[in-house]
Amino acid sequence: MAQRKECIAMLLAGGQGSRLGSLTHNIAKPAVSFGGKYRIIDFGLSNCSNSGIDTVGVLTQYKPFRLNTYISMGAPWDLDVMSGGLSILPPYVGESGGTWYEGTANAIYQNMDFIRAFNPEYVLIISGDHIYHMNYGSMLRYHKAKKADLTISAVEVSKREATELGIITADEDGRIVKFTEKPKEPDSPLASMGVYIFSWPVLEKALIEDEADPKSEKDFGKNVIPRLLKQNKRLYTYTFKGYWKDVGTIESYYNANMELLLDNPKFDIFARDYRISSNEEILPPHFISPKARVRNSLISNGCVILGAVENSILAQGVFVGEGATVENSILLQKSHIGSESWIHRAIVGEGAKIGPYCSIGITTGEKSVKQSGISVIEENSIIPEETLIEKGSNIYVERGEEL
């Protein structure tokens, strides 16, 4: 029998991330690169590790191979302990059959045996696709102090942002009186971060009831939380004051990366007192040639720069050829920019090869600009010599084939 844990974490990492376009054509959203050295899932796993939570179930589903390989046994995040540690939890077939995860609540429901094995007092549920530093221990202490059945972490957002998120209305004591998914007219600036702490008996009963409801969409925000409010359960909001970003769209992903290059970034990826761990390949130091020019950029290990790079983020192993210019762009792992090419306001996928004399992000004025003019090149694409790609393009190219 597993050792009883006070609190375990369930990390939802099965989403397709279709709004990220070609970035998630071949991998799950939590496995997408961020900030040069990291993957998006690193932040949730590091938050657990830094909070003293040593038992984490990672629920995977969409194209999970590379994500599963990346997180492996959890060693980089100190989650390779004997009693607990990191467990990968894909959908499975039992005696009564099995289905894909139908929603966030159903995903947890299908893994209640995993939770029961540790018989925890509390269950932390988080998403694997958000960028933030957070000590969940402070939230857990708040949950206990309020004698809450469920505590939801929230951030203050603008009215425009509120229409795309789950909005919490609470009284002066922080007790939640209303929860509304994507309201047209929000009555509160508090938005759910998708970070929940449940008292386990309450969660267990709520999941069983939700699963039995044929009209339910099996979702925490749409179904489980409103049902608990109707049952007059003790739901509280925990207001989080730090940086939090949902990088679920091309624009938000691009902006969150670019914010790392500001003089006073809102999110300090280099914080010495808060370690973000990663399982990326260890490469030699980067090389910048005497003729190269680099300005206000984040350059990762293994990069070779012979051209010009400005206001850009280069992940590990990127090559920028002689005479090439990279501006306001994000180049992911082991992408290759040919000589004399020009890359502007683009995201170049892992392993993509841009030939010589290409121009990515040009303006023709002939078509409407999509995604705020951010061009996206799918991983492992081969873009032939002298190709012109208009800004805002989302390029899908089969592996090994030329455009």
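For the structure itself, look to the data block above.
The structure reproduced in this document is the subject of the present report.

Rules and cut-offs
- Each chain carries its own residue numbering, running from 1 in the written order of its sequence.
- In keeping with the predicted nature of the model, local features appear solely for residues at pLDDT of at least 70, side-chain atom pairs appear and are counted solely at 80 or more, and the whole-chain, interface and lining totals rest on all residues.
- Based on all heavy atoms of the structure, the side-chain values leave hydrogens and waters out of the count.
- Secondary structure elements are taken from DSSP: a helix is a run of H or I of four residues or more, a strand is a run of E of two residues or more, and numbering for both begins at the N terminus.
- Note that the radius of gyration is over C-alpha atoms, with the globule rule given as 2.2 Å times the number of residues to the power 0.38.
- Buried means the residue's accessible area, taken with a 1.4 Å probe over protein chains only, is under 20% of the maximum for its type, while exposed means over 50%, and partly exposed covers the values in between.
- The criterion used for residue contact is that any of the two residues' heavy atoms lie within 4.5 Å.
- With a 1 Å grid spanning the protein atoms alone, the term cavity applies to any set of points in which a 1.4 Å probe fits but cannot get out, the term pocket to an open set with protein on both sides within 12 Å along at least five of seven lines, and the term lining residue to any residue with an atom within 4 Å of a point.
- Grid points are joined across faces, edges and corners, and a volume is the space filled by probe spheres set on the points.
- Under the convention adopted here, Pro, Cys and the residues Ala, Val, Leu, Ile, Met, Phe, Trp and Tyr are nonpolar, Asp, Glu, Lys and Arg are charged, and Gly plus all remaining residues are polar.
- DSSP-based pairing: two strands are paired if at least 2 bridges between them are found.

### Overview of the overall build of the chain
Reasoning step 1: Along its length, the chain carries nine helices and 31 strands.
Reasoning step 2: The C-alpha atoms of the chain give a radius of gyration of 22 Å, which matches the 22 Å a tight globule of 403 residues would have.
Reasoning step 3: Taking the principal axes of its C-alpha atoms as reference, the chain extends roughly 65 × 50 × 45 Å.
Reasoning step 4: Across the 403 residues in the chain, those meeting the buried criterion constitute 56%.
Reasoning step 5: A separation threshold of at least 6 residues defines the contact pool for the chain, and within that pool the share at least 24 residues apart is 60%.

### Quick look at empty space enclosed by the protein
Reasoning step 1: All chains considered together, the criterion is met by one cavity of 30 Å³ or more.
Reasoning step 2: Space inside the largest cavity adds up to approximately 70 Å³.
Reasoning step 3: If you trace the largest cavity, you find it lined by Ser22, Leu23, His25, Asn26, Ile27, Leu332, Gly349, Glu350, Ile377, Glu378 and Glu379.
Reasoning step 4: Here the residues of the lining of the largest cavity sort into four nonpolar, four polar and three charged.

### Quick look at unusual backbone geometry
Reasoning step 1: One non-glycine residue, Glu340, lies in positive phi territory at about 65 degrees.
Reasoning step 2: With respect to the secondary-structure elements, Glu340 resides in the loop between β23 (336-337) and β24 (342-344).
Reasoning step 3: Even without a glycine there, the phi angle at Asn380 is positive, about 60 degrees.
Reasoning step 4: Note that Asn380 resides in the loop between β28 (375-377) and β29 (382-383).

### Thoughts on the sheet that holds strand β14 (residues 287-288)
Reasoning step 1: In spatial order, the strands read β14-β17-β20-β23-β26-β29; together these six strands make up an open sheet with parallel pairing. Of all the strands in the sheet, just β14 and β29 have a single pairing partner and so form its edges.
Reasoning step 2: With two bridges connecting them, β23 and strand β26 (residues 353-354) associate as parallel partners. Across the sheet, the residue bridging to His336 is Lys353, located in β26.

### Some words on the sheet that holds strand β16 (residues 298-299)
Reasoning step 1: Read from one edge of the open sheet, six strands run β16-β19-β22-β25-β28-β31, paired in parallel fashion. Unpaired on one side and paired on the other, β16 and β31 (394-395) mark the two borders of the sheet.

### Topic: the environment of Thr325
Reasoning step 1: Examined against the element boundaries, Thr325 turns out to sit in strand β21 (residues 325-327).
Reasoning step 2: Along the chain, Thr325 and Ile276 lie 49 residues apart, while their C-alpha atoms are 31 Å from each other.
Reasoning step 3: Discounting residues that sit within four places of it in the chain, Thr325 has contacts with Ala308, Ser341, Trp342 and Ile343.

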